[in-house]
Amino acid sequence: MAKKFHNFINGKWVGAESGETFENRNPAHWEEVIGIFPKSDRKDVEKATEAAVQHREEWANLPVPERGKILGKVGDIMVQRKEEIAKLMTREMGKILKETRGDTQEGIDTAYYAFGEARRLFGVTSPCELPNKTAYTITRPVGTAGIITPWNFPMAIPCWKIFPALLMGNTIVFKSASDTPATTVKLVEILTEGGVPRGVVNLVHGPGSTVGEAILEQPEIGVISFTGSAAVGRRVAEVAGKNLKRVSLELGGKNPQIVMPDANIENAIEGLLWGAFGTTGQRCTATSRLLLHKDIYNEFLDIFVKRTKELKIGDGLVESTDVGPVINEPQLKKILNYVDVGRQEGAKLFFGGKKITGGKYDKGFFMEPTIFTEVESGMRIEQEEIFGPVLSVIKISSFEEGIQIANDVDYGLSSSIYTSNIEWAMKAIDKLEAGLVYVNAPTIGAECHLPFGGYKNTGNGHREGGKWPYEVFGEIKTVYIDYSEKLQKAQIDTNITK
Ligand code: NAD
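Residues numbered from 1 in each chain as written. Predicted model: local features only at pLDDT ≥ 70, side-chain atom pairs only at ≥ 80, totals over all residues. Heavy atoms only, no water.

*Asks:* For this particular structure, what's the right way to read the environment of Ser40?
*Replies:* Relative to the helices and strands, Ser40 resides in the loop between strand E4 (29–38) and helix H1 (42–54). Remark: the alpha-carbon pair of Ser40 and His6, spanning 34 residues in sequence, is separated by 9.8 Å. There is a polar contact of 2.8 Å between the side chain of Ser40 and the side chain of Asn7. (Helix = DSSP H or I, 4+ residues; strand = E, 2+ residues; numbered from the N terminus. Polar contact = N/O pair within 3.5 Å; in protein donor to acceptor, adjacent residues only side chain to side chain.)

Now the structure itself:
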């Protein structure tokens, strides 16, 4: 009998009001049910919001360093449970253990960052233009934050959002992704054990179309932090915009790796294997386009294909596996459909392209790492986010052409260049339209204390990581104190320009 999980509302684990449920299964062994979860709807979101509003004041009144201590303790508990979380995450969404440990570590790092930030959260003190008057800023919570997250980083991404929101004094209504609700239950258990009081964090499981939409429409939720696809991000922006809510969007990518003829080829190949096929290509920062210089084209591809063939595909719980399954059947179908699109567009299917079948592979959703060559700028497989292990290779003749093609997409999250030429490296840093630029490293590998986000359709200008999300979850108050004992009029009683 599969384990039954619940929503967490006002400090209690409860089912959906409707009594409806959904199953969560292992993408490497589809017959394995990880758990049965409440299929919640608007009513559950309303209850969660009510609790979050009710407990706002109590949480906001706690001194920031006290809130920080709780988050530090949360980090400590995550350290103790790292292996348990990683194994559950691998069962739930398929990526290999090394990566689910990394995903958990990112959460731990973010908790400790919040612990430290609690003793900073610096404001500004500023001179005033009038005598006997002083000014400074303080930051207060927005109130209640709606947190909506994807399945591919089920621990790191909720931590990126929830820890800053909590440190800033907000209460939370959190919707987990339907493919990864169990990992988020672990996070909420740990938050509670770490000392987050009743009603401050509320978790509601269920579909985006009901639970997600209801979060966007709650009048009492003042800020939405969303990570997911550009299509859903647009919808989130639309509804949140209509309701004048603050909204932070972290969306998709179509990330290029440029390889110039003077690059360390072995290093560039290792980076590409990791960037294109790590997490089965299901990362917002996955390398989905290789812009390969003509002078090293054949040599590079020969070695790269040989190395791709050596990748071990299978259950992520087996330590020697390099590439796990795709998240679910619809996603596998979507990727296979893109393989057909690539062929129809005239690209050459150079390697892979098929679902892997036979034996253990029939139990899950496994896909061959796939390489298309003869891809041209503008083809759909070169422009659209596939979110799977599919790499498009484009031959370039010059550095300038590489930069132009790299930038000629609607997204701008991550980018990479392999070269030993300092001028090319520096110009790429300058010219690549992406929030992340890696030199001689793959497009993946963000660290928790640095800004993360992108240009164009990758988002709406916000960044996660480091101090940046703290701005999303805070209201800045500018304080003026006049001790002149008379009315002084700004811009009028000044005599600077008289
Ligand atoms: P998705 O957009 O399908 O879903 C994201 C979340 O939104 C889920 O919790 C989903 O249930 C919810 N949702 C769906 N419809 C909704 C609606 N109408 N209203 C409110 N919420 C709704 O994305 P996904 O498949 O879970 O994740 C993959 C996508 O996420 C990719 O595009 C990837 O690039 C992106 N991503 C971006 C980043 C980043 O930081 N930029 C990080 C990871 C993933």
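*Asks:* How should the site of the ligand be read in this particular structure?
*Replies:* Near the ligand lie 26 residues; those nearest to it are Thr149, Glu213, Ser229, Leu251 and Glu385. Between an oxygen atom of the ligand and a side-chain N or O atom of Lys175, the distance comes to 2.9 Å. The side chain of Glu213 places a nitrogen or oxygen atom 2.7 Å from a nitrogen atom of the ligand. Across the complex, the protein chains shield 87% of the 850 Å² of accessible surface that the ligand would expose by itself. One can see that the ligand is located within the largest pocket. Elements with a contribution of two residues or more to the shell around the ligand: helix H8 (208–217), strand E10 (223–227) and helix H9 (230–242). No other element matches H8, which puts 4 residues into the shell around the ligand. (Near = heavy atom within 4 Å. Areas by Shrake-Rupley, 256 points an atom, 1.4 Å probe, with all protein chains shown as cover. 1 Å grid on protein atoms, 1.4 Å probe; cavity = no way out; pocket = protein on both sides within 12 Å on 5 of 7 lines; lining within 4 Å. Sits in = over half its atoms within 2 Å of the grid points.)

*Asks:* Looking at this model, I keep getting lost on the domain arrangement of the protein. Mind explaining?
*Replies:* For an interface, size is often stated in terms of accessible area lost upon the parts coming together. Structurally, the protein comprises domain 1 (7–251 + 459–478) and domain 2 (255–439). Both sides together, the interface formed by domain 1 and domain 2 hides about 2100 Å², and carbon and sulfur atoms give 60% of it. Our count for the contact surface shared by domain 1 and domain 2 stands at 2 salt bridges. Between Glu319 and Arg101 there is a salt bridge, with its nearest N and O atoms 2.7 Å apart. The tally of links from domain 1 across to domain 2 stands at 8 residue pairs in polar contact (both at pLDDT 80 or more). Looking at the side of domain 1 that touches domain 2, the elements with two or more residues in it are E4, helix H4 (82–93) and helix H5 (97–117). By residue number, the principal contributor to the side of domain 1 that touches domain 2 is H4, which donates 5 residues. Considered class by class, the residues forming the side of domain 1 that touches domain 2 number 10 nonpolar, 4 polar and 10 charged. (Domains from an automatic or database assignment. Buried area = accessible area lost by both parts, 1.4 Å probe. Salt bridge = Lys/Arg side-chain N within 4 Å of Asp/Glu carboxyl O. Nonpolar A, V, L, I, M, F, W, Y, C, P; charged D, E, K, R; others polar.)

*Asks:* It is not clear to me how the packing of aromatic side chains should be interpreted in this structure. Could you clarify?
*Replies:* Each aromatic ring pair is summarised here by two numbers: the centre-to-centre distance and the angle between the ring planes. Under the definition given, this model contains 11 aromatic pairs. Here Trp30 and Phe365 contribute two aromatic rings whose centre-to-centre distance is 5.0 Å and whose plane-to-plane angle is 65°, an arrangement assigned as edge-to-face. Remark: Phe365 occurs in the loop between strand E14 (348–351) and strand E15 (370–373) and Trp30 occurs in strand E4; sequence separation between them is 335 residues. By relative accessible area, which is 33% here, Trp30 ends up partly exposed. Measuring from ring centre to ring centre gives 4.9 Å for Trp160 and Phe452, while their planes differ by 55°; the resulting arrangement is tilted. Within this pair, whereas Trp160 is found in helix H6 (residues 156–167), its partner Phe452 is found in the loop between strand E19 (436–439) and strand E20 (455–456), the two being separated by 292 residues in sequence. Residue class for Phe452 comes out buried when judged on its relative accessible area of 8%. Of the aromatic side chains, those joined through ring pairs into one cluster are Phe5, Phe22 and Phe37. Here the guanidinium or amino end of Arg283 rests over the ring plane of Trp274, the centre of that ring lying 5.5 Å away. (Phe/Tyr/Trp six-rings, centres within 6.5 Å; stacked < 30°, edge-to-face > 60°. Buried < 20%, exposed > 50% of the residue type's maximum accessible area, 1.4 Å probe, protein only. Lys NZ or Arg CZ within 6 Å of the ring centre and 35° of its normal.)

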